[in-house]
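# Remarks on the overall topology
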Amino acid sequence: MCRWMAWHGQSVLIEELLFNTQHSLVDQSLHSRMGAETTNGDGFGLGWYGVGDGPGLYRSVAPAWGDANLRHLAGHISSPLFLAHVRATTGTAIQQTNCHPFSHGDWLMVHNGLVNEFHPIRRELMLGLDPSSFAEIEGTTDSEVLFHLALARGLEDDPLAALEQTIGLVEDVQRRRGIEPALQASIGVSNGEMLWAVRYSSEHSSRTLFRSEDADAIRRLHPENARVQQLLDSDRIVVSEPLADLTGAWHELDESTALTIHAGGEVETKEFRPSAPSASLATG
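Structure report, in brief.

What counts as what
Residues numbered from 1 in each chain as written. Predicted model: local features only at pLDDT ≥ 70, side-chain atom pairs only at ≥ 80, totals over all residues. Heavy atoms only, no water. Helix = DSSP H or I, 4+ residues; strand = E, 2+ residues; numbered from the N terminus. Rg over C-alpha atoms; globule rule 2.2 N^0.38 Å. Buried < 20%, exposed > 50% of the residue type's maximum accessible area, 1.4 Å probe, protein only. Contact = heavy atoms within 4.5 Å. Areas by Shrake-Rupley, 256 points an atom, 1.4 Å probe, with all protein chains shown as cover. Lys, Arg positive; Asp, Glu negative; His and termini not counted. Charge placed at Lys NZ, Arg CZ, Asp CG, Glu CD. Core = buried A, V, L, I, M, F, W, Y, C linked by side-chain atoms within 4.5 Å. Pairing = 2+ DSSP bridges. Axes fitted to C-alpha atoms, helices over the stretch in contact; angles between N-to-C directions. Salt bridge = Lys/Arg side-chain N within 4 Å of Asp/Glu carboxyl O. Expected span 1.5 Å × (residues − 1). Phe/Tyr/Trp six-rings, centres within 6.5 Å; stacked < 30°, edge-to-face > 60°.

Of the regular secondary structure elements, the chain holds eight helices and 13 strands. Computed over its C-alpha atoms, the radius of gyration of the chain comes to 18 Å, within 12% of the 19 Å expected for a compact globule of 284 residues. C-alpha atoms of the chain, sized along the principal axes, occupy 65 × 35 × 35 Å. Looking at the chain residue by residue over its 284 residues, the buried ones come to 54%. Taking all contacts inside the chain whose residues are at least 6 apart in sequence as the whole, residues at least 24 apart take part in 70%. Here the chain displays about 11,700 Å² of accessible surface, and carbon together with sulfur accounts for 48% of that area. Charge centroids of the chain, computed over 20 positive and 38 negative side chains, lie 4 Å from each other.

Here the focus is the environment of Val-198. Structurally, Val-198 is set in strand β8 (residues 195-201). As for Val-198 and Ser-186, which are separated by 12 residues in sequence, their C-alpha atoms are 5.5 Å apart. Once residues lying within four places of it in the same chain are set aside, the contact partners of Val-198 are Leu-160, Leu-163, Ala-185, Ser-186, Ile-187, Leu-209, Thr-257, Ala-258 and Phe-272.

Our next topic: the nonpolar core. By size, the foremost hydrophobic cluster in this structure holds 35 residues, and its most contacted members are Leu-125, Leu-155, Leu-163, Leu-183, Val-189 and Val-198. Among the elements of the structure, β6 (107-115), α4 (118-126), α5 (142-152), α6 (159-176), β7 (183-190) and β8 are those that each provide at least two residues to this core. Per-element tally for this core: the top contributor is α6, with seven residues. With 32 residues, the next largest nonpolar core counts Met-5, Leu-46, Ala-74 and Leu-231 among its residues.

Sheet architecture is open: six strands sit in the order β5-β6-β7-β8-β12-β13, paired in antiparallel fashion. Looking at the sheet topology across the chains shown, the edges are occupied by β5 (102-104) and β13 (267-271). The sheet shows a mean angle of 15° between the axes of neighbouring strands, taken without regard to direction.

Let's shift gears to the pattern of salt bridges. Applying the stated criterion across every chain, the model contains 12 salt bridges. Here Glu-255 ties to Arg-199 by a salt bridge, and the two come within 3.8 Å at their closest N and O atoms. You can see Glu-255 sitting in the loop between β11 (250-252) and β12 (257-261) and its partner Arg-199 sitting in strand β8, a full 56 residues away along the chain. Using a relative accessible area of 30% as the deciding quantity, one classes Glu-255 as partly exposed. Accessibility expressed as a relative area gives 7% for Arg-199, which makes it buried. Between Asp-233 and Arg-219 there is a salt bridge, with its nearest N and O atoms 2.8 Å apart. Placement of Asp-233 in the loop between α8 (226-229) and β10 (236-239) and of Arg-219 in helix α7 (residues 215-221) is noted, with a sequence separation of 14 residues between them.

Between its terminal C-alpha atoms α6 stretches 26 Å, which fits the 26 Å expected from 18 residues at 1.5 Å a residue. Across the 18 residues of α6, 14 count as buried, placing the element largely inside the fold. Directly beyond the C-terminal end of α6, a positive phi value near 70° is found at Gly-178.

With that settled, the discussion passes to the sheet that holds strand β9 (residues 210-212). Taken together, seven strands build an open sheet; the order of strands is β3-β2-β4-β1-β10-β9-β11 and the sheet is antiparallel. Looking at the sheet topology across the chains shown, the edges are occupied by β3 (56-60) and β11. Averaged over all pairs of adjacent strands, the angle between their axes in this sheet comes to 15°, without regard to strand direction. As paired strands, strand β1 (residues 2-13) and strand β4 (residues 78-87) are joined by nine bridges and run antiparallel to one another. Within β4, the residue paired with Trp-7 across the bridge is Phe-82.

With that out of the way, let us pick up the packing of aromatic side chains. One pass over the structure, following the stated rule, counts two aromatic pairs. Their ring planes at 20° and their centres at 5.6 Å tell us that Trp-107 and Trp-196 sit as a pair that is stacked. In this pair, Trp-107 sits in strand β6 while Trp-196 sits in strand β8, placing the two residues 89 residues apart along the sequence. Each of the two residues, Trp-107 as well as Trp-196, counts as buried. Where Tyr-200 meets Phe-272, the ring centres are 5.6 Å apart and the plane angle is 55°; that geometry is what we call tilted. In this pair, Tyr-200 sits in strand β8 while Phe-272 sits in the segment after β13, placing the two residues 72 residues apart along the sequence. In this structure, Tyr-200 and Phe-272 share a single accessibility class: buried.

This is the structure:
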C-alpha cells in the first residue's frame, strides 16, 4: 500500500528524516520491511508548515528515490511540522492529484490503507460530502474521499470524532453492500499546530504504525548517537515503520488506537471507536 511519516518538534531540515536516517522514508520507498509491498514507487508527497499561510505542498508521480527536485528541496527547507508519504497504488491511477498529502486550508492528511471495493460504492460515499467539497476533489483515490468526508463531519473542530464518524460511515455502507472487511486506515492529520494519527482496520489486523518514545529516554539509551543527542523533549515522530534500528526508541501503536500530539510535544492516546451514522446515505 503506502508508507508515511510525520515530524512534530523543533525545526529541522527535511532531508534529515527523508534521506539521512538508516531506514528513511525514501529508503522505505524501495525497501519497506513492514509494508504490504516492498516497493512504494507510485508517487511521493510532502506537506510542511513554516513561513507563509497554510502548508507548503510538493507532490510528484516520480518515485521518491529518483526525484532530484525532492532531494534539492529537502536540503533547503526547514520545518517544525511536516508529513511525507510514498505511494503504492491499490488500483487508482498514477497521477499527481492522487499523491498524498491532501490539503484543505491549514489541514493536511496522509493515509496508508484502502477502502475495499471502493469504486462500486464511490458514488454513495460522495453523497456524504459537503457540496463545496466536489470542486476540491481532483483525484480518484479513496483516501481523498475519506479526507473530505471527515471535513464534512467536523475535522476542523474535533479531528478524532470526525474520523470515527467517517470510518463508521464507510463500514456501514460496506456492511450493507456485503463487502467485508471494509477498510484499512493508518491516517495522519495536522492543522500546523497539532498532529493526530489513527491505526485501525475493520478486521483488526492493521498496517503498522509507530511513534517515537520520549526524547529523554532515547538520549539516555543511546549516548553514543550524535543525532539522537540533538533531540529536544518536544520532538515527536510518527512513522509507518521505524526510521532506525534503535533499541527502545519506538513504540508501536495498538490496534484501534488514536494518537494526539499537542503543541509542546505532549502525547495522548485513546481507543479509536468508529461510530455508525444515525441514518444511512441516500442511494437514489
